[in-house]
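Remarks on the overall topology
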Amino acid sequence: MLNRDHYARLGLAEVFDAVLAGQRISVADGEKLFACEDIHAVGALAHHARTRLHGNRTHYVLNRHVNYTNICVNECRFCAYHRRPNQAGGYLLSPGEVVALLSEPQALAATEVHIVGGCHPDLRLDYYETLLHAVKAARPDALIKAFTAVEIGHFAAVEGVSTREVLLRLKDAGLAMLPGGGAEIFDPEVRTAICPNKISGAEWLRIAGEAHTLGIKSNCTMLYGHMETPRHRLEHLDGLRRQQDATGGFVCCIPLPFLTENNPLGKLSSRGVQSGLDDLRTMAVTRLMLDNVPHLKAYWVMHGVKLAQAMLHFGADDLDGTVVEEKIGHTAGAESAQALTSAELEAMIRASGFTPVRRDALFRAQEEAGGNANGEAADAPQAPAGPAAPSAQVAPTGGPTLVGGTALLRERSPFDEPAAVRAIADKILDGVRIDASEAATLYSEAGLFTLGALAHAVRLRLHPEPVVTFVGDRNINYSNVCVCGCRFCAFFRAPGRPGGYVLTREELAQKIEETLALGGTQILMQGGHHPDLPLEWYEDTLRFIKTYPIHVHAFSPPEIVHFSKLFGLPTAEVIRRLRAAGLDSIPGGGAEILVDAVRSRVSPNKCPADEWLDVMRQAHLQGMRTTATMMFGHEETPAQRIEHLLRIRELQDETGGFTAFIPWAFQPEHTAIPGHAQPAAAYLRLLALARLVLDNVANLQASWVTMGPKVAQLALFFGANDFGSTMIEENVVAAAGVSFRLSAEQIRRIVRAAAFTPRQRSMDYTLLPETAAED
């Protein structure tokens, strides 16, 4: 459990005491937090501080980003957006063109206009004044947040006046607030290396403080993950904190991850390692260091939606806003959308267990949980909003109350767990099996970090060695023709419909040869329930595949049942014939939720739960190993998820044939089931619960395919000991709008960044010999 004794064992007792007492931590304390390998301990402290400041509230804004020029004399080495004067691709918007952007339908509701650009060598101050006047005339209802401290310093140098005069003239023209960009890292050596032509860190702080004394508030940022050290980050945060002590004008801090594409620094940086743990730890330490800056933003554009949602549990209380158009991050490799709607932002927040609060640029609340504008400061204490509309699509998140299946976080510290949760935790740590009622209590009552810490403890008990496994394989879908018509499936085509296919031998051979050339050892082959292919086609296909030295992990239980009914054979006989033809193991697909009340709604033409389980039983009796899965987050309830886990556990007690369990979140895009994709916290809670319930299934797999590599890396601390597969090809999830891809080397780098040793394995979890290239 996460208590003072636990922090004392980590050498963090004094930090724990300071945070819980609301006292300031030092730079040295921050170094201990960065060095702490227990991500739950670090995250829980930040979430405690966040909850004390904001309770259950998470903010967003209706905003429109405008980049008036990309022409810049600074030529920062981390910047992919800038163009030198007279370089191809450079542009400059006129004030009229900016107003036209603000007049587009998707920008009309914006209450914040966010304007930044390059340091143009030729523009005089009257351009910027004219721009602000034009924007204010066109959008008198919107607050203008414009021009970083770096731009203010540049304007003063070009105009030959003081920064104070620049700020006063811009304020008179309509400037309400400065954004926080250009801070990067304040350390002079780092700054000289990454942005030698930009104003110094001390000058950035001076200009920000000067703006504050003139009544112009600002945000602040930190660009991390390039060539700085944790000490540099902490000194940067301490500089912001000292400036805030002096002038008090920082409204929000935004830690920004360095993105590596299309810039000179990216070629030299180690940031190519996708470390969600570093992102989350940095967010958490920022919250703990900046005790005097009220808000902390998880900028979804640069972090991605799923990681930004996770950051709401690591200290962040804001997601930014609708944005509409973003150029700077995307030119450097951001993979997020250009824009989100207010409905999407509110759904992101509610799905993560928080109450959405619409704000303006200065964090004055405009709307809370669908209520009316009240004009109060968004960080002012208010009563928690009422529950969201009931929905079975939202998984529990940290310490939730379930209302019709919807999870709402209680305004509770992660160190304030109910007695029932503490008792069950003690039982788990003593190695005693939990029952359905105890699983339900944990799922509905335990905080995110308590669940994660318990799951990680069980993972380490099962796998004490610091190893994370993965398999080199390719998903081959031999056909998408299917008679099932499952409502959650975006991949299938009904018989006779356009787009249906069956792979030829030549196509199959090419895929297998590519897999072997890339170091793969296995293919995962599944397809639709084709009404016309004879059993001999499947047997001949297996015999053909086995002319190659590759493991065949194929045909999920619903496919086996389909073959059985189509060809009038018992499932045991179908399995025997397929095994004789070359089938090595059976994947756990098609389980969805092993509760017929759910299956009858989402996949009514697919085999019922008992038949799915019996296929696995028959395979195990014939000596085959199989996996088990769960697809959650559609129309099931939390109780039905637990029932699914218990049915897997019961069969494993009987046969012992499951090598691994793989839960993955339903992806709603292009399917017949409405809803929103599951947030990171909901996935991590389910994963952790699975590790605690499935005490007899040795391995638990992280789903980077649906959650992305950074959340999957975090999953290694929520019970997972396996990173899945290279998945050289994947079509089913991709058809639902998700298309993450990782190579074997990328997986190794991600695993190493989490302080584990990556090892390639076979389907039965035998470790493969290491090669010199992997050392």
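Before reading on, note that the structure itself is shown above.
Now for a look at the structure at hand.

About the cut-offs
The residue count restarts for each chain, going from 1 along the sequence in the order it is written. With pLDDT at 70 or above as the cut-off, local features in this predicted model cover only qualifying residues; side-chain atom pairs require 80 or more to be listed or tallied, and sums for whole chains, interfaces and linings still use all residues. The side-chain figures draw on all heavy atoms in the structure; neither hydrogens nor water molecules are used. Numbering of helices and strands runs from the N terminus; a helix is a DSSP stretch of H or I covering at least four residues, while a strand is a stretch of E covering at least two. Three exposure classes are used, based on accessible area relative to the maximum for each residue type with a 1.4 Å probe and protein chains only: buried under 20%, partly exposed in between, and exposed over 50%. Only the protein chains shown count as cover for residues, and all accessible areas are computed by the Shrake-Rupley method using a 1.4 Å probe. Stacked, tilted and edge-to-face are the three classes applied to pairs of Phe, Tyr and Trp rings, where Trp contributes its six-membered ring and a pair requires centres within 6.5 Å; stacked means planes under 30 degrees apart, edge-to-face means over 60, and tilted covers the rest. Here, a charge over a ring is recorded when the distance from Lys NZ or Arg CZ to the ring centre is within 6 Å and its angle to the ring normal is within 35 degrees. Of the two site types, the cavity is a set of points on a 1 Å grid over the protein atoms alone where a 1.4 Å probe fits but cannot get out, and the pocket is an open set with protein on both sides within 12 Å along at least five of seven lines, each lined by residues with an atom within 4 Å of a point. Grid points are joined across faces, edges and corners, and a volume is the space filled by probe spheres set on the points. Under the convention adopted here, Pro, Cys and the residues Ala, Val, Leu, Ile, Met, Phe, Trp and Tyr are nonpolar, Asp, Glu, Lys and Arg are charged, and Gly plus all remaining residues are polar. Note on geometry: axes are C-alpha line fits, over the in-contact stretch for helices, and angles between N-to-C directions span 0 to 180 degrees. Should an angle fall under 35 degrees it is taken as roughly parallel, and over 145 as roughly antiparallel, whereas 65 to 115 is taken as roughly perpendicular and any remaining angle as oblique. Crossing handedness is defined as follows: a turn of the near helix away from the far one that is anticlockwise and smaller than a right angle gives a left-handed crossing, while the clockwise case is right-handed. Working rule for contacts: check all heavy atoms of both residues, and any pair within 4.5 Å makes them a contact. For two strands to be treated as a pair, DSSP must find at least two bridges joining them. Buried residues of nine kinds, namely Ala, Val, Leu, Ile, Met, Phe, Trp, Tyr and Cys, make up a nonpolar core once their side-chain atoms join them within 4.5 Å. In the analysis that follows, any N or O atom pair within 3.5 Å is treated as a polar contact, provided that within protein one partner can donate a hydrogen and the other can accept it, and provided that, for residues neighboring in sequence, both atoms belong to side chains.

Moving on, we come to the overall build of the chain. Per the secondary structure count, the chain includes 31 helices and 22 strands. By residue count, 62% of the 775 residues in the chain fall in the buried class. Carbon and sulfur atoms make up 53% of the accessible area of the chain, which totals about 26600 Å².

In this section: the packing of aromatic side chains. Each aromatic ring pair is characterised by the separation of its centres together with the angle its planes make. Inspection of every chain in the model, using the stated rule, returns 24 aromatic pairs. Ring geometry for Phe314 and Phe449: centres 5.2 Å apart, planes at 80°, overall edge-to-face. In this pair, Phe314 is assigned in the loop between helix H14 (305-311) and strand S9 (318-321) and Phe449 in helix H19 (residues 448-462), connecting sequence segments 135 residues apart. For the pair shown, Phe314 and Phe449 are each scored as buried. An aromatic cluster of three or more residues is present, and its members are Tyr478, Trp537, Tyr538, Phe555, Phe563 and Phe567. Over the ring of Phe363 we find Arg359, and its NZ or CZ is 3.9 Å from the ring centre. Lying across the ring of Tyr765, Arg761 places its NZ or CZ 4.0 Å from the centre.

Of the pockets and cavities examined, the second largest pocket occupies roughly 660 Å³. Glu37, Asp38, Ile39, His456 and Phe717 are the residues nearest the centre of the second largest pocket, which is lined by 31 residues in total. When residues of the lining of the second largest pocket are traced back to their parent elements, those giving at least two are helix H1 (4-9), helix H3 (27-35), helix H4 (39-54), helix H12 (276-289) and H19. Looking at the lining of the second largest pocket element by element, the count peaks at 7 residues for H19. Taken together, the residues that form the lining of the second largest pocket break down as 19 nonpolar, 5 polar and 7 charged.

Attention now moves to the packing of helix H8 (residues 163-173) against helix H10 (residues 201-213). Any two packed helices are characterised by how steeply their axes cross, that is the angle between the axes, and by the distance between the axes. Axis separation between H8 and H10 bottoms out at 10 Å; the angle between their running directions is 45°. The orientation of H8 with respect to H10, classified from their angle, is oblique. Here H8 runs over H10; the crossing is right-handed. Seen from H8, the contacting residues are Thr163, Arg164 and Leu167; seen from H10, they are Arg206, Ile207, Glu210 and Ala211. The residue makeup of the contact of H8 with H10, split by class, is 3 nonpolar, 1 polar and 3 charged.

Right, let's get into the sheet that holds strand S15 (residues 473-477). Pairing within the open sheet is parallel, and its 3 strands lie in the order S15-S16-S17. Sheet topology places S15 and strand S17 (551-554) at the edges, where each strand pairs with a single neighbour. Sheet twist, expressed as the mean angle between neighbouring strand axes with direction ignored, is 25°. Bridge count between S15 and strand S16 (residues 522-526): 5 bridges; the pairing is parallel. Following the sheet pairing, Asn475 is matched in S16 by Leu524. Of the strands in this sheet, S15 and S16 touch helix H20 (residues 505-517), which is tilted by about 170° from S15. Sheet strands touched by helix H21 (residues 535-545): S16 and S17. Its angle to S16, the strand with the most contacts, is close to 165°.

Counting 231 residues, the largest nonpolar core has Phe147, Trp204, Phe555 and Phe723 as its most contacted members. Among residues more than four places away in sequence, those in contact with Phe147 are Tyr68, Ile115, Val116, Tyr128, Leu131, Leu132, Ile152, Phe155, Leu170, Leu178 and Pro179.

Before going further, it helps to spend a moment on the side chain of Asn480. Of note, Asn480 is situated in the loop between S15 and H20. At 2.9 Å, the side chain of Asn480 forms a polar contact with the backbone nitrogen of Tyr501.

Next up on the list: unusual backbone geometry. For Val324, which is not glycine, the phi torsion reads 75° and is therefore positive. Within the secondary structure, Val324 sits in the loop between S9 and helix H15 (328-331). Here Val324 falls in the buried class, since its relative accessible area comes to 12%.

On to helix H16 (residues 342-351). By the burial criterion, the buried members of H16 are Leu345, Glu346, Ala347, Met348, Ile349 and Ala351. Within two residues after H16, Gly353 carries a phi angle of roughly 95°, on the positive side.

This next bit is on the sheet that holds strand S18 (residues 626-632). Spatially, S18-S19-S20 is the arrangement adopted by the 3 strands of the open sheet, whose pairing is parallel. Unpaired on one side and paired on the other, S18 and strand S20 (699-700) mark the two borders of the sheet. Both strand S19 (residues 658-665) and S20 contribute to a ladder of 2 bridges, which runs parallel. The residue of S20 that forms the bridge with Ala660 is Asn699. Strands S18 and S19 of the sheet are contacted by helix H26 (residues 638-655), whose axis makes an angle of about 175° with S18.

What follows is about the packing of H3 against H12. Close contact between H3 and H12 brings their axes to 10 Å; oriented N to C, the two are set at 160°. Considered as vectors, H3 and H12 are oriented roughly antiparallel to each other. In terms of crossing hand, the pair formed by H3 and H12 is right-handed. Taking contact as the criterion, the partners of Val27, Leu33 and Phe34 in H3 are, on H12, Arg281, Thr282, Val285, Leu288 and Met289.

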